[in-house]
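Take a look at the letters that make up each chain.
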Amino acid sequence: MILRRIALVALLADLLSCAAAHADITVQRIPIDNAPPILLLQGEFTHSDDPQALAREVAASGAKVLTFKSGGGNVVAAMAFGRTIRSLGLTTVQLRATECASACTLAFVGGVIRQAEPGSIGVHQSSFSSDTNLDSHTAVTAVQSMTAEIMTYLIEMDVDPKLLQLSLSVPSDDMRYLTASEMRSYRVTSGDISNLPNQIATSKAAPTDIPATGESTGAKSAEMVPVPATTEQKALAFMTAYHDAWSMENESALQFMDRAYGDVVEFYGRATPKAGVIDEKRRFAMRWPTRAYSVKPGSERVSCATTCRVDGVVDWYAKRDVGDRVSSGSAEFSLVWNPSNERIVSETGKVIETDKGVSQPVRLLSQWHQENLHCRGSSGNSAETLAACDRRETIGAKLESVGWCYGREGEYGYQMEWHLCDSRSSKSNVAATATEQVASVRQPKPTDYPSRARMKGKTVLPDFKKRDRDFNSFRTRIRDGMKQGPNFAGHYSVIQFGCGTGCSGVVVADNQTGRPARFPRGGEENMYLDLQFQVDSRLLAAQWLEYSTNRCVIEFFDYDRQTWKVVSKIDVGGADACYRSISNNIR
């Protein structure tokens, strides 16, 4: 039975807005006239939650659609639910009337069809619970291991692993709610929520029998039990994540590499400490900061025993920042991966072929055209067709990251071609071009605006009852920020706090006098506000979305004698550019 969107939205909004919060996950039915119910997964994910409770409820109710009311919880439990959701063939849908945030996002992306309204999905860093008592070394190891596991899971669910990079940029005490554009870009959603009824009606999800706890498992129920990924599949997923990460900008790429290697690595025939491997990677990344690596489909081979060996052929394109020097070619690679700690213990390879005198990413372009041919020329929604389409999108994103765009404004599909990004490139790709253009603009340097004074004595906190009562609504955030000491212009604390989805305000407080003051940018007029500053300089960079032009801009301010003076203003691209940090936009 086709579900009408208006009935779905109205019913969910009414039922979910008044539902009570629960400590652990519960499954509730939301009845729909003449159709299977929608299931509501509510509460926080914990170790004690059993994903099979959801499977049993699906079998009993015939539900095909799942929605959430959850602020997060345990990451491992959320991924277990996500894999169960995928095995059941369920559609996940999320409305802004409720929330799916933090670890809940991992469960949400388990849906075969995933649809959400803007602002309904939130991400941020994972964190340890307050009663966790870990030494620093154990904590670092745990974070590294979990980061790799989450990245592998996102790849398994066909979500862009760059979503994890965005999540890590948001402090655990804050939340970033994704826009519709971001959800499409990171493949968190697929399709348009207005088309949900038709997609649900054609969904192949048809759960049958799931035994109650303690019952024997028959042939039908076995089909519904989530099958864990094999060691070989995990090794291949890691290999994919490895090359995807090495195609990122230097900071993110090197962070991944630091987590990826064991303490000692058989590195091209020599036993090398991890620090030596990372140094080698860093030197290469500095020489070739623009990189794109794509494994040739079908070249991968994997064999696992105690460790897993993954072999294959990778095409690459790299470019230096200075001059026009380009490197392009193909290479064989061989990684030996330890599944017990998810670390590389051996790496080797050799260059097969290099392309002389080329300026284009010819091999990645060839890969894209081949996958595009399979994607558009194959019939139906077969697994092979969908896989080719997915590979095409992944390769296309890598081409865009190295400055190549597909199509120009006003062109039809048959006219569109890959080209170096320029001012006429399709708007979705303009941000990459704008980043390159910014590099040619002279940017003010922090050293040109040194602090006029340094902090003397102890921090003085504001008087929120009298003199500074206008700031009383933010007293906790201001106090906490000032107690950490000055972070700007010698003796000031810059404190940023959220005011809604994509909205934030900023207070600049003088640690010597205790006087707080407002920063001239923030609120709904300056959405997606990002700041860059340092304690020994008066210069502050502010990036925000200018709604009147739908452009992302960076303003440089000099805070001189408690007066904000605009030094310069730079256009860094379309709205999507504001989803990147200032350092990425002006590097």
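Residues numbered from 1 in each chain as written. Predicted model: local features only at pLDDT ≥ 70, side-chain atom pairs only at ≥ 80, totals over all residues. Heavy atoms only, no water.

A. View of the overall build of the protein. Looking only at helices and strands, the protein features 17 helices and 24 strands. Across the protein, contacts joining residues at least 24 apart in sequence account for 58% of those joining residues at least 6 apart. On the protein, roughly 28700 Å² of surface is accessible, and the fraction owed to carbon and sulfur atoms is 49%. (Helix = DSSP H or I, 4+ residues; strand = E, 2+ residues; numbered from the N terminus. Contact = heavy atoms within 4.5 Å. Areas by Shrake-Rupley, 256 points an atom, 1.4 Å probe, with all protein chains shown as cover.)

B. Inspection of the pairing of strand β24 (residues 563-574) at higher detail. The pairing of strand β23 (residues 551-560) with β24 spans ten bridges and is classified as antiparallel. Bridging from a neighbouring strand, Glu 555 pairs with Lys 569 of β24. The loop that links β23 with its antiparallel partner β24 comprises two residues; one of these, Arg 561, has a positive phi angle of about 55°. (Pairing = 2+ DSSP bridges.)

C. A look at the confidence of the model for the protein. When pLDDT is averaged along the protein, the result is 79; 78% of the residues meet or exceed 70. Confidence drops under pLDDT 50 across residues 427-440; counting only partners more than four residues distant or on other chains, this segment forms 30 contacts. (pLDDT = per-residue confidence, 0-100.)

D. How the structure looks around the sheet that holds β24. The strand order across the open sheet formed by four strands is β21-β22-β23-β24, and the pairing between neighbours is antiparallel. The sheet is open, and its two edges are formed by β21 (527-532) and β24, each paired on a single side. The mean inter-strand angle of the sheet, taken between neighbouring strand axes irrespective of direction, is 20°. Of the pairings in the sheet, the one linking β21 to strand β22 (residues 539-546) comprises four bridges and is antiparallel in character. (Axes fitted to C-alpha atoms, helices over the stretch in contact; angles between N-to-C directions.)

E. Local environment of the state of the cysteines. Counted according to the given criterion, the structure contains three disulfides. For Cys 100, the disulfide goes to Cys 104, at an S-S distance of 2.1 Å. With the S-S dihedral at roughly -105°, the linkage between Cys 100 and Cys 104 falls on the left-handed side. Using a relative accessible area of 0% as the deciding quantity, one classes Cys 104 as buried. (Disulfide = S-S within 2.5 Å. Buried < 20%, exposed > 50% of the residue type's maximum accessible area, 1.4 Å probe, protein only.)

F. Representation of the packing of helix α11 (residues 250-260) against helix α12 (residues 274-287) in the model. Orientation of α11 relative to α12, taken along the N-to-C sense of each, is 160°, at an axis distance of 10 Å. When the interaxial angle is binned, α11 and α12 end up roughly antiparallel. The handedness of the crossing between α11 and α12 comes out as right-handed. Across from Asn 250, Leu 254, Met 257 and Asp 258 in α11, the residues of α12 making contact are Lys 274, Ile 278, Lys 281, Arg 282, Ala 285 and Met 286. A breakdown of the residues in the contact of α11 with α12 according to their chemical character gives five nonpolar, one polar and four charged. (Parallel < 35°, antiparallel > 145°, perpendicular 65-115°, else oblique. Left-handed = near helix turned anticlockwise from the far one by under 90°. Nonpolar A, V, L, I, M, F, W, Y, C, P; charged D, E, K, R; others polar.)

G. Here's a closer look at the environment of Leu 178. When you line up the elements, Leu 178 lands in the loop between β8 (176-177) and α7 (180-185). You can call Leu 178 buried: its relative accessible area is 0%. Once the C-alpha coordinates of Leu 178 and Val 188 are considered, the two residues, ten residues apart in sequence, prove to be 9.4 Å apart. When near neighbours in sequence (up to four residues on either side) are disregarded, Leu 178 contacts Pro 118, Gly 119, Ile 121, Val 123, Leu 163, Leu 166, Met 183 and Val 188.

H. Fine view of unusual backbone geometry. Residue Arg 187 is not a glycine yet carries a positive backbone phi of 60°. Among the structural elements, Arg 187 can be located in the loop between α7 and α8 (196-201). At Gln 562, a residue that is not glycine, the phi angle is positive and equals roughly 60°. For Gln 562, the location among the structural elements is in the loop between β23 and β24. Classification of Gln 562 by relative accessible area gives exposed; the value is 53%.

I. Fine view of the nonpolar core. Judged by nonpolar contacts, the single largest core of 72 residues is most densely connected at Phe 45, Leu 54, Phe 68, Leu 163, Val 188, Phe 256 and Tyr 261. In terms of residue count, helix α10 (residues 231-246) provides more of this core than any other element does, seven residues in total. Leaving out residues up to four positions away in the same chain, Phe 45 has contacts with Ile 25, Phe 68, Ser 70, Gly 72, Gly 73, Asn 74, Ala 77, Ala 78, Phe 81, Cys 104 and Ala 107. Within the second largest apolar cluster, 17 residues are counted, among which are Cys 503, Leu 539, Val 572 and Ile 582. (Core = buried A, V, L, I, M, F, W, Y, C linked by side-chain atoms within 4.5 Å.)

J. Just the sheet that holds β8, in detail. Overall, mixed pairing links the three strands, which are arranged β5-β7-β8 in an open sheet. Across the chains shown, the open sheet's two edge strands, defined by having one partner strand only, are β5 (100-101) and β8. Here strand β7 (residues 121-123) runs beside β8; their pairing, made up of two bridges, is antiparallel. What sits directly across from Gly 122, in β8, is Tyr 177.

K. Spotlight on a positive patch on the surface. A contiguous patch of positive charge on the surface is contributed by Lys 465, Lys 466, Arg 475, Arg 479 and Lys 483. By secondary structure assignment, the location of Arg 479 is in helix α16 (residues 475-483). Accessibility expressed as a relative area gives 33% for Arg 479, which makes it partly exposed. (Patch = residues over 30% accessible without salt bridge, like charges linked within 9 Å, V, L, I, M, F, W, Y side chains within 5 Å. Salt bridge = Lys/Arg side-chain N within 4 Å of Asp/Glu carboxyl O. Lys, Arg positive; Asp, Glu negative; His and termini not counted. Charge placed at Lys NZ, Arg CZ, Asp CG, Glu CD.)

L. Expanded view of α11. Across the eleven residues of α11, eight count as buried, placing the element largely inside the fold. Along α11, the residues that are buried comprise Asn 250, Ser 252, Ala 253, Leu 254, Phe 256, Met 257, Arg 259 and Ala 260. Measuring from the backbone nitrogen of Glu 251 back to the side-chain oxygen at the start of α11 gives 3.0 Å, which picks out Glu 249 as the cap. (Polar contact = N/O pair within 3.5 Å; in protein donor to acceptor, adjacent residues only side chain to side chain.)

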